[in-house]
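Each chain, written out:
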Amino acid sequence: MVKRMLFTGMLLGMFTSCQPDADPILTAEQEEATITAADFGTLPVEVPAPADNPTTTAKAELGRLLFWDPILSGPRTVSCATCHHPAFGYSDGRELPIGTGGRGLGPQRRDVSNGEFGIVPRNSPTVINTAFNGITAGGVVPAENAPMFWDNRAQSLENQALGPPTSFEEMRGHAYEAEFAIEMVVARLYEIPEYVRRFRDAFGARGITDRTMAEAIAAFERTIVARNSPFDRYQAGDLNAMPPAAQRGMVAFAEAGCNTCHSGPMFSDYRPHVLGVPDHADLEAPDAGAGGTFGFRTPTLRNLSVTAPYMHNGTSRDLEEVMDFYLTAQAAAQGNNVPQGEINPNAPELDPLLASMQLRQDQVDDIIAFMEALDDPVFDRRIPNRVPSGLPVGGAIGPAPM
């Protein structure tokens, strides 16, 4: 309570200091929204990086080239950017990605392998602001411990970067066995003089190794940040940055209990929760999530407008469907009957936090307005004109066959 009083007093001072005799300009509704905004904390000014991998321009630019170069994939046709493209908010706009064996880009990407490689079983999370993964309202998690993937199976962007090249569906294909994938990619890079030079410029005598490759990609990803949303500007003192509906929605968001999991400045507690999201119809077997619990990590709510569809398997096409699902999951957790199939029958007991929610249908529109106020469209969208391998930038992403 003391923190809230101090924060509100600070804002009152900001907006009345130039008019000493003016009455406070915050309405009761604005004051409630202002207090709620304070509870989320703010993104740091400095982007955190591990002590052993400080971000430099040479590393980040090398990482950009590696991110777009299909040389990292077994068949030399898939790049990191295939499933994390700036046109789709560094996601891919699909429910489930198609990596190896696909052609086309985004929602138009199609499998051209007759099912030989299969689909990637989880929705592509955005790269935007992954530099802040794990942050809470209380502060920044060390970059080397930042949780990654839908099941938190890796810590740090460096370790995450080594995952997709080893995945059969994502990037590896039949080119080599998973245990040799990174070794083979490093060998390929050694054969390209420009990469040899760029790694030497970025890492000195360390040259090209699996670790320096991962460090370069991570350094680039730490430059993909967006932290000037209407919410951020409102929180900084601009009371006109968010429209009234978004301000009401922020208060409703907290009152309904959404902020229990979607907390902190990234609007995620970075913990897995069992929500009962139905399995995707295209998967041959249920996805059991983190440790076989059917729990999946709380995703960030930032930049949702450019990263649809939603949930760990893309089964919610828009924010209205997301809210409909939460109303259903809340009802199911509270012991009410819900239509068959709307809650995953394979999931064990739903997270008790769902039962404590108090979400109402009449709050939905305002909450969506608030989530849209978390968008910041200004982030690095640059695509290299070429990559050192000489392969098509981004891979075989030409038109998909009709």
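No experiment lies behind these values; they were computed from the predicted model shown. (Residues numbered from 1 in each chain as written. Predicted model: local features only at pLDDT ≥ 70, side-chain atom pairs only at ≥ 80, totals over all residues. Heavy atoms only, no water.)

### Description of helix 2 (residues 28-39)
Spanning 12 residues, helix 2 covers 17 Å between terminal C-alpha atoms, matching the ideal 16 Å at 1.5 Å per step. Those residues of helix 2 not exposed but buried are Q30, A33, T34, I35, T36, A37 and A38. Directly after helix 2, the chain includes G41, whose backbone phi takes a positive value near 75 degrees. (Helix = DSSP H or I, 4+ residues; strand = E, 2+ residues; numbered from the N terminus. Expected span 1.5 Å × (residues − 1). Buried < 20%, exposed > 50% of the residue type's maximum accessible area, 1.4 Å probe, protein only.)

### What about the layout of surface pockets?
Its boundaries defined by the atoms lining it, the second largest pocket holds a volume of some 220 Å³. Lining the second largest pocket are F117, G118, I119, P121, E169, D282, L283, E284 and A285. Split into classes, the residues belonging to the lining of the second largest pocket amount to 5 nonpolar, 1 polar and 3 charged. (1 Å grid on protein atoms, 1.4 Å probe; cavity = no way out; pocket = protein on both sides within 12 Å on 5 of 7 lines; lining within 4 Å. Points joined across faces, edges and corners; volume = space filled by probe spheres on them. Nonpolar A, V, L, I, M, F, W, Y, C, P; charged D, E, K, R; others polar.)

### Things to note about the side chain of D376
Assignment of secondary structure puts D376 in the segment after helix 14 (364-372). Of the side chains bearing the opposite charge, R233 lies closest to the buried D376, which forms no salt bridge; the N-O distance is 6.0 Å. Looking at D376, its side chain comes within polar contact range of the main-chain nitrogen of R227, at 3.1 Å. Discounting chain neighbours no more than four positions away, the residues touching D376 are A226, R227, N228, S229 and N303. (Lys, Arg positive; Asp, Glu negative; His and termini not counted. Salt bridge = Lys/Arg side-chain N within 4 Å of Asp/Glu carboxyl O. Polar contact = N/O pair within 3.5 Å; in protein donor to acceptor, adjacent residues only side chain to side chain. Contact = heavy atoms within 4.5 Å.)

### Examining the environment of L239
Of note, L239 is situated in the loop between helix 10 (230-235) and helix 11 (244-255). The class for L239 is buried, based on a relative accessible area of 7%.

### Here we look at the pattern of salt bridges
In the structure shown here, the tally under the stated rule is 16 salt bridges. The residue E158 makes a salt bridge to R222 at a minimum N-O spacing of 2.8 Å. Placement of E158 in helix 5 (residues 157-161) and of R222 in the loop between helix 9 (210-221) and helix 10 is noted, with a sequence separation of 64 residues between them. For the pair E158 and R222, a shared accessibility class is recorded, and that class is buried.

### Here's the deal with a negative patch on the surface
A surface patch of like charges, here negative, comprises D318, E320, D324, E342, D365 and E372. Mapped onto the negative patch, the elements with two or more residues apiece are helix 12 (319-333) and helix 14. Relative to the helices and strands, E372 resides in helix 14. Since its relative accessible area comes to 43%, E372 is described here as partly exposed. (Patch = residues over 30% accessible without salt bridge, like charges linked within 9 Å, V, L, I, M, F, W, Y side chains within 5 Å. Areas by Shrake-Rupley, 256 points an atom, 1.4 Å probe, with all protein chains shown as cover. Charge placed at Lys NZ, Arg CZ, Asp CG, Glu CD.)

### Remarks on the nonpolar core
Within the largest apolar cluster, 46 residues are counted, with the highest numbers of intra-cluster contacts made by F231, M250, Y326 and F370. Secondary-structure elements contributing two or more residues to this core are helix 2, helix 10, helix 11, helix 12 and helix 14. Ranked by the residues each element gives to this core, the list is headed by helix 12, at 7 residues. Not counting chain neighbours up to four residues away, the residues in contact with Y326 comprise H262, L275, M311, L354, M357 and L359. In terms of nonpolar packing, the next biggest core, distinct from the first, is built from 36 residues, L72, Y176, I208 and A226 among them. (Core = buried A, V, L, I, M, F, W, Y, C linked by side-chain atoms within 4.5 Å.)

### Considering unusual backbone geometry
Across the junction of A308 and P309, the peptide omega takes the value 0 degrees, indicating a cis bond. Here P309 shows up in the loop between strand 6 (296-297) and helix 12. Phi is positive for F149, close to 75 degrees, though the residue is something other than glycine. Positive phi, normally seen in glycine, also occurs at M311, with a value near 75 degrees. Residue placement: M311 occurs in the loop between strand 6 and helix 12. In this structure M311 comes out as buried when scored by relative accessible area, which is 11%.

### Structural notes on the environment of T34
Assignment of secondary structure puts T34 in helix 2. With 213 residues separating them in the primary sequence, T34 and Q247 have C-alpha atoms 8.5 Å apart. Among the polar contacts made by the side chain of T34, one reaches the main-chain carbonyl oxygen of Q30 at a distance of 2.8 Å.

### With respect to helix 8 (residues 193-203)
What helix 8 keeps buried is the set E194, Y195, F199, A202 and F203. Down the axis of helix 8, the buried side of the element spans an arc of 130 degrees, and every buried residue falls inside it. Summarising the geometry of helix 8, the exposed residues directed more than 90 degrees from the buried face are P193 and D201. Contacts from the buried residues of helix 8 go to helix 3 (57-68), helix 7 (181-190) and helix 9. Of the residues one or two after helix 8, G204 is the one with positive phi, at around 65 degrees. (Arc of directions from axis to C-beta.)

### A look at the packing of aromatic side chains
With the rule as written, the count across this model stands at 16 aromatic pairs. Aromatic side chains F40 and F370 sit 6.3 Å apart centroid to centroid with 35 degrees between the ring planes, which places their arrangement in the tilted category. In this pair, F40 sits in the loop between helix 2 and helix 3 while F370 sits in helix 14, placing the two residues 330 residues apart along the sequence. Judged by its relative accessible area of 2%, F40 falls in the buried class. By way of ring pairs, the aromatic residues F40, F231, F253, F267 and F370 are connected into one cluster. (Phe/Tyr/Trp six-rings, centres within 6.5 Å; stacked < 30°, edge-to-face > 60°.)

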